[in-house]
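This is what each chain is made of:
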Amino acid sequence: MLSLIKGAWAVLLHMFSPRVTIQYPETKPYVPPRWRGRIILSRDPDGGERCVACYLCAVACPVGCIALQAAEDEHGRRYPAFFRINFSRCIFCGFCEEACPTYAIQLTTDYEMSEYKRTSLVYEKEDLLISGTGKYPGYNFYRVAGLAAGVKDKGESGNEEPPVDVKSLLP
Amino acid sequence: MDMEIMRQLAVIFGILFVLTTISAGLIWLERRLLALWQDRYGPNRVGPFGLLQVLADMVKILAKEDWVPPFADKTVFIMAPAIIMVSAFMSFAVIPFAPGICIADMDIGVLFFLAMSSLGVYSVVLAGWASDSKYSLLGGMRAAAQMVSYEVFMGLSLMGVVMLAGSFNINEIVEAQRKLWFVIPQFPGFVIFFIAGIAETHRLPFDLPESENELVAGYHTEYSGMKFGMFFVGEYLGITLISALIATLFFGGWLGPVLPPVVWFFLKTFVFICLFILFRASYPRPRYDQVMFLAWKIMLPLSLLNLVITGAIVLLETG
């Protein structure tokens, strides 16, 4: 009997303890820097699109919310003609980011994406593309790739030999 | 004469209005208080302090489809929620809110309340029966057993008060407390009545008729919309009724210094409503056989003992 009264008293005293609730729109909760939120497409430091339209993100996506179409410019540089993410399907697993060979697709800390219409959740390339480099400043795929696509010529990057003219090696 | 009738009508409709407002407001109060004791905020978005949550809830529940399951016994199914509301409202007829503000100043006030609260059992049992679903039936059966057993000593626990006041008339019981609130000579009676009252309104810790984690929602599993809402109004009216009775019978009702009598009455009632909610926040639900054990093997002998001792003392004093 006494323990029952003690229990009720303890509950009553909780009136004065601090609240656990975070009053969300007014006070924002702490979001860790590695949070997997809204997906963006980043650019390399020179301002070019990082995405090489390899489709690896679309393949890795467990819910199939990424759609894109590869295209190639006059220098032979690949880019997506369109890049579409349906965020009403996206589960923010981050597999696309892991799959991306060029650090193009990245997940950000933004999570406030509510919309009144479902179609507003389909993001096109212009919605996804940002002007910065995201998590990897300095990295430019075409500077380290062996391919000449208007950024540098073959053999010009730090870790590759200049191309060999095989015909000159002939005896 | 006409003025007298007009006054009576004004009192009746005033009390009806106040009671419905209270029972709606209790939804908000209960959610806020439970949140308060669980380190949360509760509903605080709709209107000032979330007060308009009540309005939002009402709009929602009234706009819902009035659905009767095809397998249910239609007449009884519809009648059951009405019974609980009617019986709860009827009990308030004998409660004196202040000197002169009492719908029926009956000489058998206490007995009338006990009769009406027994009628409330029908609602729960019929709801469980008419729903024709296993959970409802189990809930209804539990409710019947629980309410019948707790009613036995609920009445007995009040007899001490009746003996001390020498009347069944609730107004006279209040008047008899001018010198000393009955909670002091009748403390065991107060505790027993409170416990019986919790069981009678099937609130936690005695909410076995509707225990969510075993019976879905017990006797009102199949109910939705306003019919479900009426069960809720009935439950909140029950809480208010028991609190009002505790305040009236044990804590001097509208008696009190400085403030007007009505304020004293509502203040005392409010404290006990909060206590009801505090118990809900604190206690787990006992097993069904433990509830029955408590009723028949502990509470009933205790209330009989209380009755006998009070009777002996009253006899000695008058004798």
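Here, every reference points to the structure presented above.
Residues numbered from 1 in each chain as written. Chains lettered and ligands numbered in written order. Predicted model: local features only at pLDDT ≥ 70, side-chain atom pairs only at ≥ 80, totals over all residues.

Peer 1: I keep staring at the overall build of chain B and nothing clicks. Help me out?
Peer 2: Within chain B, the regular secondary structure consists of eleven helices and zero strands. The secondary structure elements of chain B, listed N-terminal to C-terminal, are α-α-α-α-α-α-α-α-α-α-α. Taken against the 2.2 N^0.38 rule, which gives 20 Å for 319 residues, the C-alpha radius of gyration of chain B at 20 Å falls within 12% of a compact globule. With the C-alpha coordinates of chain B rotated into their principal frame, the extents come out at 65 × 50 × 45 Å. Nonlocal contacts in chain B, meaning residues at least 24 apart in sequence, comprise 76% of its contacts between residues at least 6 apart. (Helix = DSSP H or I, 4+ residues; strand = E, 2+ residues; numbered from the N terminus. Rg over C-alpha atoms; globule rule 2.2 N^0.38 Å. Contact = placed C-beta atoms within 7 Å.)

Peer 1: Can you walk me through the overall build of chain A in this structure?
Peer 2: For chain A, the count of helices and strands is five helices and five strands. Reading chain A from its N end, one meets helices and strands in the order α-β-α-β-β-α-β-β-α-α. Its C-alpha atoms put chain A at 105 × 35 × 25 Å along the principal axes. In chain A, which comprises 171 residues, the proportion classed as buried is 17%. In chain A, of all internal contacts separated by at least 6 residues, the share reaching a separation of at least 24 is 68%. (Buried ≥ 20, exposed ≤ 12 C-beta atoms within 10 Å, placed from the backbone.)

Peer 1: Can you help me understand the nonpolar core in this one?
Peer 2: For soluble globular proteins, nonpolar side chains are generally found buried alongside one another. Counting residues in each nonpolar core, the largest one holds 79 residues, and the members touching the most others are Phe193, Ala196, Ile246 and Leu249 of chain B. Looking at this core, the element that brings in the most residues is helix H9 (residues 225–250) of chain B, giving 15 residues. Grouped together as the second largest cluster of nonpolar side chains are 20 residues, Leu41, Cys61, Ile66 and Ile85 of chain A included. (Core = buried A, V, L, I, M, F, W, Y, C linked by C-beta atoms within 7 Å.)

Peer 1: In this structure, what is going on with helix H5 (residues 134–165) of chain B? I would like to understand it.
Peer 2: For an α-helix the count is 3.6 residues per turn, leaving residues at separations of three or four pointing the same way. Residue and element names in this part refer to chain B. In this model, H5 (32 residues) spans 46 Å end to end at C-alpha, consistent with the 46 Å of a helix rising 1.5 Å per residue. Along H5, the largest kink reaches about 25° and is centred on Met159. Taken from the residues just after H5, Gly166 is the one with a positive phi, measuring 70°. (Expected span 1.5 Å × (residues − 1). Bend = angle between axes of the 7 residues up to and from the residue.)

Peer 1: When you look at the interface of chain B and chain A in this model, what are you seeing that I'm missing?
Peer 2: Listed as interface residues are ten residues of chain B and, on the opposing side, ten residues of chain A. Per element, the largest residue contribution to the side of chain B that touches chain A is four residues, and it comes from helix H10 (residues 261–282) of chain B.

Peer 1: Can you help me understand the environment of Leu249 of chain B in this one?
Peer 2: Residues and elements named next belong to chain B. Here Leu249 lies in helix H9. The spacing of Leu249 and Val68 is 181 residues in sequence and 41 Å in space, taken between C-alpha atoms. Residues contacting Leu249, with those up to four places away along its chain left out, are Leu158, Val161, Ile173 and Phe182.

Peer 1: In this structure, what is going on with the pairing of strand S2 (residues 66–72) of chain A? I would like to understand it.
Peer 2: Along any regular strand, the residues point their side chains to alternate faces of the sheet. Residue and element names in this part refer to chain A. The pairing of S2 with strand S3 (residues 78–86) spans seven bridges and is antiparallel. Paired with Ala67 across the strands is Arg84, a residue of S3. Counted along the chain from S2 to the antiparallel partner S3, the turn is five residues long, and its residue Gly76 has a positive phi close to 85°. (Pairing = 2+ DSSP bridges.)

Structural measurements only, silent on function.
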